[in-house]
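Structural characterization, general
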Amino acid sequence: VQLQASGGGLVQAGDSLRLSCAASARTFGRYGMGWFRQSPGKEREFVAATIWPGGSKYYADSVKGRFTISGDNAKNTVALQMNDLQPEDTAVYYCALEPRVILSSIQVPSAYGSWGQGTQVTVSS
């Protein structure tokens, strides 16, 4: 499965962005979908994830209450709605998919086998 992330851009602090991740093929059954981000000189970090369809949603403490992950199984897409963006949210954002994700590892990048190419989000103060 190939993933295509889109929706990044340059915004000001307090603005919103919606990232979208489209999968190239229909994925049947339950699978893990995650969003991660990486800033220059830093390791890739967990942002949000969900067991799709219909499973729980998980968020990093730094984005709780501001970001929302959601999916549309009919369209093979997963979105990340980002509200009240702050300069520290600046990063390249990646979506990831894993059909056999282990719940205890859902926040770990190495648990995912398929990755999108990344989309840049820049938040100015």
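It should be emphasised that the depicted structure is a prediction, and the values quoted were computed from it without experimental measurement. Within each chain, residues carry numbers counting from 1 in the order of the written sequence. Confidence filtering applies because this is a predicted model: local features only for residues at pLDDT of at least 70, side-chain atom pairs given and counted only at 80 or more, and all residues used for totals across whole chains, interfaces and linings. Side-chain calculation: all heavy atoms of the structure are included, whereas hydrogens and water are not.

Bringing the sheet that holds strand β8 (residues 77-82) into the picture now. Reading across the sheet, the four strands line up as β1-β3-β8-β7 and stay open at both edges, with antiparallel pairing between neighbours. Pairing within the sheet leaves two strands with one partner each, and these edge strands are β1 (3-6) and β7 (67-72). When the angles between neighbouring strand axes are averaged without regard to direction, this sheet yields 15°. Where β7 lies against β8, six bridges are found, and the strand directions are antiparallel. Counted as the bridge partner of S70 is A79 from β8. When DSSP finds two or more bridges between a pair of strands, those strands are recorded as paired. Counting from the N terminus, the helices are the DSSP runs of H or I reaching at least four residues and the strands are the DSSP runs of E reaching at least two. Comment: axis = line fitted to C-alpha atoms, over the contacting stretch for helices; angle = value between 0 and 180 degrees taken between N-to-C directions.

A few words now on the pairing of strand β4 (residues 31-38). Where a strand is regular, its side chains alternate between the two sheet faces. Relative accessible area decides the class of each residue, using a 1.4 Å probe on protein chains only: under 20% of the type maximum gives buried, over 50% gives exposed, and in between gives partly exposed. Most of β4 is tucked away, with seven of its eight residues classed as buried. Judged from the seven bridges that link them, β4 and strand β5 (residues 45-52) form a sheet pairing that is antiparallel. Among the inter-strand pairings, F36 is bridged to a residue of β5, identified as F46. Linkage of β4 to β5, two consecutive antiparallel strands, is achieved through a turn of six residues, within which G41 is found at a positive phi near 80°.

When the charged atoms of two side chains with opposite charge come close together, those side chains can pair. Take a side-chain nitrogen of Lys or Arg and a carboxyl oxygen of Asp or Glu: if they are within 4 Å of each other, that pair is a salt bridge. A full pass over the atoms with the stated rule returns five salt bridges. Ionic pairing is found between D89 and R37, a salt bridge with its closest N-O pair at 2.9 Å. Taken together, the residues span a long stretch of sequence, with D89 in the loop between β8 and β9 (91-98) and R37 in strand β4 at a distance of 52 residues. Both residues of the pair, D89 and R37, belong to the buried class. Note that K64 and D61 form a salt bridge whose closest N and O atoms lie 3.1 Å from each other. For the residue pair K64 and D61, the accessibility class agrees, reading exposed in each case. Residues joined in a network through salt bridges with shared partners are R37, E45, R66 and D89.

Throughout, the protein atoms alone are placed on a 1 Å grid, and a set of points is a cavity if a 1.4 Å probe fits but cannot get out or a pocket if it is open with protein on both sides within 12 Å along at least five of seven lines; lining residues have an atom within 4 Å of a point. Grid points are joined across faces, edges and corners, and a volume is the space filled by probe spheres set on the points. Per the stated rule, a full pass over the model turns up one cavity of 30 Å³ or more. The space that makes up the largest cavity amounts to roughly 40 Å³. Residue lining of the largest cavity: L3, C21, A22, A23, Y31, M33, N76, T77, V78 and L97, and that is the complete set. Here the element with the most residues in the lining of the largest cavity is strand β3 (residues 17-23); it accounts for three residues. By residue class, the composition of the lining of the largest cavity is eight nonpolar, two polar and no charged. All residues other than Ala, Val, Leu, Ile, Met, Phe, Trp, Tyr, Cys, Pro, Asp, Glu, Lys and Arg, Gly among them, are scored as polar; the first ten of these are nonpolar and the last four charged.

Quick look at the nonpolar core now. By convention a nonpolar core is built from buried Ala, Val, Leu, Ile, Met, Phe, Trp, Tyr and Cys residues, the set being connected through side-chain atoms within 4.5 Å. One finds W35, V47, F67, L80, M82, Y93 and Y112 to be the most contacted residues of the largest nonpolar core, which totals 37 residues. Going through the elements one at a time, β1, β3, β4, β5, β7, β8, β9 and β11 (119-124) are the ones with two or more residues in this core. Considering each element in turn, this core owes the most residues, six residues, to β5.

Our focus in this paragraph is the pairing of β1. Only one face of β1 is covered, namely the one carrying L3 and A5; the face carrying Q4 and S6 has none of its residues buried. As defined by bridge partners, β1 adjoins β3 across four bridges and the pair is classed as antiparallel. Bridging from a neighbouring strand, S6 pairs with S20 of β3.

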